[in-house]
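Chains, contacts and geometry: an overview
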Amino acid sequence: MTREVIVKHLTAARWTVSATRHVDYEIVESPHLLDPANPSLGAMPPGSEASGGTRLVVIDEGVEGAFGDRIRSYFASRHDRMDYLVLPGGDEHKTLDQVVEVVSRLNSIGTDRSGTPPIAIGGGVVQDITGMAAGLYRRGIPYVRVPTTLLGQIDGSVSAKNGVNFEGFRNRLGTFAPPPRTLIDRTLIATLPKRQISSGMGEMLKMALIKDARLFELLERYGPQLLAENLQDDGPATREGRVGEEGMHRAIAGMAEELQKNLWETDLKRIVDYGHTFSPAVEMRALPGLLHGEAVALGCVYGAVLAARRGMLRYDRLERIIATTRGMGLRPSHPLFEDADLLNQALADTIHHRDNHQHITLLRDIGVPTFVEDLTPREITEAAGVMADIGKGLSPLPGRGADFPWKG
Ligand SMILES: NC(=O)c1ccc[n+]([C@@H]2O[C@H](COP(=O)([O-])OP(=O)(O)OC[C@H]3O[C@@H](n4cnc5c(N)ncnc54)[C@H](O)[C@@H]3O)[C@@H](O)[C@H]2O)c1
Ligand SMILES: [Zn+2]
């Protein structure tokens, strides 16, 4: 047999592969998740069928203290093969080592491609770690997310991404790997320390400022009550009904609406990054001194100062934002937000992360965002000076600082 190889033209070959991956995931409110009469917690998420193997439950240390026994008795009454791994929360523990610990446990118990999806019960840190582990193990397996902090329930709950801090940078490593199902039970945050509730309210404030004036009104009018009740609506009735529930629903819906438009972040202009332009560097510098939502709230106030100084946002709006921040138990200023060098460096890091664009969200009004690309080092420095006045309890109005003690 003769082999005929006829090469008429030597051309460079090219093959392309083009595919679309459709993503559907759900965020479901399911009160009293730890009641054995409620099947939601152990149920398989959409798209998976139980294989009968062992499922891993990753539990946040804070949750272990508050609900560890109830979690174990829930699964003991309904499911045979479970394994448990308790991990610490707190951003200082959001590390690759913790991801490897989860991956290693998934491996040792023989977690399947889809038949034994792990369940993460905890704050944003445990969610990010478990989400990243699930995204890496066997190149990605489904998992179930059960956030137990306010921040985790209104923000991380909707997100498709996860990440760990690396070499001094926030979320420098991570994957896009949304779980098919997230379960929300507001009663799980009833045990949360007030400082953590305030931190979660920092992200609610962001959502209110960029797109939901009604949510801002709720925070402005009922901030202290929401904080006192851990958003459980178990205190004195308000004229406006269940404001904790309404606030949470609005925040989750607003986040879902924003993320869906740009889930893979192909567009780096994102209004949900409001309050997150300068805060990452501040947060990492302060670690563990500032919680995520605390840093975000500071970033929201700082953004409002920048906008007010540009004549873009009315000063009375800035004053309302400062008073509302205080009402939620959050500080509107901090020494690191008075440090112009740090803030200029923070902006440089963020510009790098946004492919050399500023893409900074500022406010025209409460609920009305816009983007700017021309913020100058001088504006950053001057706004840092205003933050110093706010920190001393003085008015942010130009030229009035020392004469007008802040009464908020
Ligand atoms: N992937 C995303 O899109 C996304 C979105 C928002 C936030 N995050 C990340 O989430 C992190 C912040 O999350 P967080 O604010 O939940 O902090 P966290 O996870 O550190 O939890 C805060 C503290 O509360 C404890 N805790 C958790 N639930 C509890 C409960 N029910 N009762 C008592 N204590 C409890 C934890 O052990 C921890 O000490 C940040 O790293 C942030 O980047 C990620
Ligand atoms: Zn955030």
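Residues numbered from 1 in each chain as written. Chains lettered and ligands numbered in written order. Predicted model: local features only at pLDDT ≥ 70, side-chain atom pairs only at ≥ 80, totals over all residues. Heavy atoms only, no water.

1. Describing the side chain of Ser-395
In this structure, Ser-395 sits in the segment after α12 (377-391). Engagement of the side chain of Ser-395 in a polar contact is seen with the backbone nitrogen of Leu-397, the distance being 3.0 Å. (Helix = DSSP H or I, 4+ residues; strand = E, 2+ residues; numbered from the N terminus. Polar contact = N/O pair within 3.5 Å; in protein donor to acceptor, adjacent residues only side chain to side chain.)

2. With respect to the pattern of salt bridges
Overall, the coordinates contain 33 salt bridges when judged by the stated rule. Of the charged contacts, one joins Arg-221 and Glu-217 as a salt bridge, the two residues approaching to 3.2 Å between their closest N and O atoms. Within this pair, Arg-221 and its partner Glu-217 are both found in helix α6 (residues 213-228), separated by four residues, close to a single helical turn. For the salt bridge of Arg-242 with Glu-245, the shortest nitrogen-to-oxygen distance reads 3.4 Å. Arg-242 gets classed as partly exposed once you look at its relative accessible area, which sits at 45%. (Salt bridge = Lys/Arg side-chain N within 4 Å of Asp/Glu carboxyl O. Buried < 20%, exposed > 50% of the residue type's maximum accessible area, 1.4 Å probe, protein only.)

3. As for the coordination of the zinc ion (ligand 2)
Around the zinc ion (ligand 2), the protein supplies Glu-203 (OE), His-276 (NE2) and His-292 (NE2) as donor atoms, at distances of 1.9 to 2.2 Å. Taken in chain order, the donor set of the zinc ion (ligand 2) reads E-x72-H-x15-H. One end of the pair, Glu-203, is in helix α5 (residues 194-211); the other, His-292, is in helix α9 (residues 292-309), and 89 residues separate them in sequence. Residue His-292 is classed as buried on the basis of its relative accessible area of 17%. (Donors = N, O, S within 2.8 Å, 3.2 Å for Na, K, Ca; no water.)

4. Observations regarding the domain arrangement of the chain
For the chain, the assigned domains are domain 1 (26-189) and domain 2 (199-259 + 268-403). In this complex, domain 1 contributes 20 residues to the contact, which on the side of domain 2 involves 29 residues. Carbon and sulfur atoms supply 65% of the area buried between domain 1 and domain 2, which totals about 2000 Å² over both sides. Of all residues in domain 1, Ile-154, Arg-170 and Arg-186 give up the largest surface area on contact with domain 2, accounting jointly for 34% of the area buried on that side. The tally of links between domain 1 and domain 2 comes to three salt bridges. Across the pair Asp-233 and Arg-186 runs a salt bridge whose closest N-O atoms are separated by 3.1 Å. Linking domain 1 to domain 2 there are seven residue pairs in polar contact (both at pLDDT 80 or more). Looking at the side of domain 1 that touches domain 2, the elements with two or more residues in it are β1 (26-29), α4 (150-154) and β7 (169-173). Here the side of domain 1 that touches domain 2 takes four residues from α4, the largest share from any one element. When grouped by side-chain class, the residues that make up the side of domain 1 that touches domain 2 number eight nonpolar, five polar and seven charged. (Domains from an automatic or database assignment. Contact = heavy atoms within 4.5 Å. Buried area = accessible area lost by both parts, 1.4 Å probe. Nonpolar A, V, L, I, M, F, W, Y, C, P; charged D, E, K, R; others polar.)

5. A look at the packing of α9 against helix α10 (residues 315-327)
Relative orientation and spacing of two packed helices are given, respectively, by the angle between their axes and the distance between those axes. Interhelical geometry of α9 versus α10 gives an angle of 170° and a closest axis separation of 9 Å. Judged on the interaxial angle alone, α10 and α9 are roughly antiparallel. Relative to α10, α9 is oriented so that their crossing is left-handed. Each of Ala-297, Val-301, Ala-304, Val-305, Ala-308 and Arg-309 in α9 lies in contact with α10, whose residues at this interface are Tyr-315, Leu-318, Ile-321, Ile-322 and Thr-325. Residue classes in the contact of α9 with α10 are distributed as nine nonpolar, one polar and one charged. (Axes fitted to C-alpha atoms, helices over the stretch in contact; angles between N-to-C directions. Parallel < 35°, antiparallel > 145°, perpendicular 65-115°, else oblique. Left-handed = near helix turned anticlockwise from the far one by under 90°.)

6. Regarding the pairing of strand β8 (residues 181-184)
Of the two faces of β8, the one lined by Arg-181 and Leu-183 and the one lined by Thr-182 and Ile-184 are each fully buried. Bridge count between β1 and β8: four bridges; the pairing is parallel. Counted as the bridge partner of Glu-26 is Arg-181 from β8. The pairing of strand β5 (residues 144-147) with β8 spans two bridges and is parallel. Within β8, the residue paired with Val-144 across the bridge is Arg-181. (Pairing = 2+ DSSP bridges.)

7. A closer look at the site of ligand 1
The full set close to ligand 1 counts 26 residues, and Asp-60, Gly-90, Thr-149, Ser-159 and Arg-170 are the nearest of them. Lys-94 has a polar side-chain atom sitting 2.9 Å from an oxygen atom of ligand 1. Between ligand 1 and the protein, one listed contact pairs a nitrogen atom with a side-chain N or O atom of Thr-191 at 3.0 Å. Going through the elements one at a time, α1 (61-78), α3 (124-136) and β7 are the ones with two or more residues in the shell around ligand 1. The residue inventory of the shell around ligand 1, partitioned by class, reads six nonpolar, 13 polar and seven charged. (Near = heavy atom within 4 Å.)

8. So, helix α8 (residues 279-286)
Counted residue by residue, α8 has six buried out of eight residues, so it is predominantly covered. Buried within α8 we find Ser-279, Ala-281, Val-282, Glu-283, Met-284 and Ala-286. Where the residues of α8 are buried, they touch β6 (164-166), β7, α9 and α11 (340-353).

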